[in-house]
Amino acid sequence: MVLTVKQAKGLEFDTVLVADPERIMTESPRGRNDLYVALTRATQRLGVLHPGPPPAVLARLRRQDDPAATDPGAANPGAANPGAANPAPAAAAG
């Protein structure tokens, strides 16, 4: 189902895909408010598609496949285990 922000207001969906958030903000008279409505319709999963870099207002969102989004130590892998940053080379099979 494809809806405009105005049509989706007040509704909730398990999964929402927001296309071109920058365009939502620049072409709507309500700008960031409409983007907020679009982003908060999801109850389970939210996807955001953008043709260029994401708008600065979305800078805190992270990709689901970004390890830093689920594992704080992944942003600095050597912090928890100093040897992890430079693992020993694997022995050659012979």
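Everything numeric in this text was worked out from a predicted model, so none of it was measured.

(A) Fine view of the overall build of the protein. The number of helices and strands found in the protein is 5 helices and 2 strands. Start at the N end of the protein and walk to the C end: the helices and strands fall as α-β-α-α-β-α-α. The proportion of buried residues among the 94 residues of the protein is 20%. Restricting to contacts in the protein with at least 6 residues of sequence separation, those with at least 24 account for 56%.

(B) Structural view of the pattern of salt bridges. Scanning the model with the defined rule gives 2 salt bridges in all. Ionic pairing is found between Arg 23 and Glu 27, a salt bridge with its closest N-O pair at 3.1 Å. Of this pair, Arg 23 and Glu 27 both sit in helix H2 (residues 21-27), separated by 4 residues, roughly a single helical turn. Measuring nitrogen to oxygen at the nearest pair gives 3.3 Å for the salt bridge that ties Asp 34 to Arg 30. In this structure Arg 30 comes out as partly exposed when scored by relative accessible area, which is 43%.

(C) Looking closely at the environment of Gln 7. Examined against the element boundaries, Gln 7 turns out to sit in helix H1 (residues 5-8). A residue is classified by how much of its surface remains accessible, and Gln 7, at 47% relative accessible area, is partly exposed. For Gln 7, the side chain forms a polar contact with the main-chain nitrogen of Thr 4, separated by 2.8 Å.

Conventions used here
Residues numbered from 1 in each chain as written. Predicted model: local features only at pLDDT ≥ 70, side-chain atom pairs only at ≥ 80, totals over all residues. Heavy atoms only, no water. Helix = DSSP H or I, 4+ residues; strand = E, 2+ residues; numbered from the N terminus. Buried < 20%, exposed > 50% of the residue type's maximum accessible area, 1.4 Å probe, protein only. Contact = heavy atoms within 4.5 Å. Salt bridge = Lys/Arg side-chain N within 4 Å of Asp/Glu carboxyl O. Polar contact = N/O pair within 3.5 Å; in protein donor to acceptor, adjacent residues only side chain to side chain.

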